[in-house]
Amino acid sequence: MTDEGRLRLGVNIDHVATIRNARGGDHPDPVRAALDAAEAGADGITAHLREDRRHIRDEDIAALIERLTIPLNLEMAATEEMLDIALRHRPHAACIVPEKREERTTEGGLDAAGQDNHLRPYIARLNEANIRVSLFIEPDPRQVDAAIRLKAPVVEFHTGRYAHLEGEARAAELRRIADAAALARKNGIEPHAGHGLTFDNVIPVAAIPQIRELNIGHFLIGEAIFTGLGASVSRMRALMDEARG
Ligand code: PXP
């Protein structure tokens, strides 16, 4: 398969840091996990520096930038603090996510349509710094239209609803993701997807031909407890390749 058609796997290592922080020491090291994930076939590493630093910390971002040989995708809220950090470290990509302090995880997509005035300067400054901006949005044509207006080169569709639904409702959500991916691609935006993906639900999303990258974290890190991180990442990689046939 040509590189153009290949579906990339971004491994989110946030929850390695969650386990480390539970005891306040330096084990397990998220950078070591990132290097192992790369070795096992990850095409990129994703890390979310949250406002409350509940998992990844500033020094993790510095160490990842220094030691990774594959691209780093920094997930960040659209705040001045995070913009300064992104401009200082210059990761390959920055995925703008909504952030609420009390949420357990990123519970919904960014309201790019409702917040375009707020987002515009952040996207412009990241674009100017050659950091590839992605907007983490719901698979909704209104949000894709906003991403087009905002000149975001990439969107990442939130697959959390898909992951939690079942039966016909899940099939309908999958169609929404596929339609949104087609709309993005038609308008020159590269579609990615992620959130809540597992060995059991990844194939239908990975089979959507316009989608170029999946970002997967919690399940892979959890599965690593049983099989090791290398096996967990390489099985996900194999399922993604199988989906692309
Ligand atoms: N993509 C984005 C933008 C996210 O915020 C997250 C969760 O941090 C993920 C992907 C990965 O989701 P999960 O940990 O459920 O695989």
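Enquirer: Would you mind going over the packing of helix H10 (residues 218-227) against helix H11 (residues 229-244) with me for this structure?
Expert: Between two packed helices, both the angle of their axes relative to each other and the distance between the axes serve to describe the pair. Relative orientation of the contacting elements H10 and H11 amounts to 125 degrees, with a least axis distance of 7 Å. With respect to H11, the element H10 is oriented oblique. The handedness of the crossing between H10 and H11 is right-handed. The residues of H11 that touch H10, namely those facing Phe219, Leu220, Ile221, Glu223, Ala224 and Thr227, are Leu229, Ala231, Ser232, Val233 and Met236. Counted by class, the contact of H10 with H11 contains 8 nonpolar, 2 polar and 1 charged residues.

Enquirer: Before we go on, may I ask you to explain the site of the ligand in this structure?
Expert: Around the ligand, the surrounding shell holds 14 residues, and the nearest of these are Glu75, Glu156, Gly196, Gly217 and His218. Here Asn12 contributes a side-chain N or O atom positioned 3.5 Å from an oxygen atom of the ligand. Relative to its free-state accessible area of 390 Å², the ligand is covered by the protein chains to the extent of 95%. Within the shell around the ligand, the residues separate by chemical class into 4 nonpolar, 7 polar and 3 charged.

Enquirer: Is there a simple way to think about the pairing of strand S4 (residues 93-96) in this case?
Expert: Successive side chains on a regular strand alternate, one facing one side of the sheet and the next facing the other. The alternating pattern of S4 places Ala93 and Cys95 and Ala94 and Ile96 on opposite faces, both of which are buried. Direction of pairing for strand S3 (residues 72-76) relative to S4: parallel, over a ladder of 4 bridges. When the bridges of S4 are listed, Leu74 appears paired with Ala94. Following the backbone out of S3, through helix H4 (residues 80-89) and into the adjacent parallel S4, one traces a crossover that is right-handed.

Enquirer: What's the story with the pattern of salt bridges in this structure? I'm lost.
Expert: Think of it this way: side chains of opposite charge can pair up when their charged atoms draw near. Scanning all chains against the criterion turns up 16 salt bridges. The residue Glu213 makes a salt bridge to Arg8 at a minimum N-O spacing of 3.1 Å. Of this pair, Glu213 sits in strand S8 (residues 213-216) while Arg8 is found in strand S1 (residues 8-12), placing the two residues 205 residues apart along the sequence. For Glu213, a relative accessible area of 12% translates into the label buried. Residue Arg8 is classed as partly exposed on the basis of its relative accessible area, which comes to 22%. Here the salt bridges do not stand alone but share partners, grouping Arg8, Arg132, Glu190, Arg212 and Glu213 into one network.

Definitions and cut-offs
Residues numbered from 1 in each chain as written. Predicted model: local features only at pLDDT ≥ 70, side-chain atom pairs only at ≥ 80, totals over all residues. Heavy atoms only, no water. Axes fitted to C-alpha atoms, helices over the stretch in contact; angles between N-to-C directions. Helix = DSSP H or I, 4+ residues; strand = E, 2+ residues; numbered from the N terminus. Parallel < 35°, antiparallel > 145°, perpendicular 65-115°, else oblique. Left-handed = near helix turned anticlockwise from the far one by under 90°. Contact = heavy atoms within 4.5 Å. Nonpolar A, V, L, I, M, F, W, Y, C, P; charged D, E, K, R; others polar. Near = heavy atom within 4 Å. Polar contact = N/O pair within 3.5 Å; in protein donor to acceptor, adjacent residues only side chain to side chain. Areas by Shrake-Rupley, 256 points an atom, 1.4 Å probe, with all protein chains shown as cover. Buried < 20%, exposed > 50% of the residue type's maximum accessible area, 1.4 Å probe, protein only. Pairing = 2+ DSSP bridges. Right-handed = clockwise from strand over helix to strand, strands pointing away. Salt bridge = Lys/Arg side-chain N within 4 Å of Asp/Glu carboxyl O.

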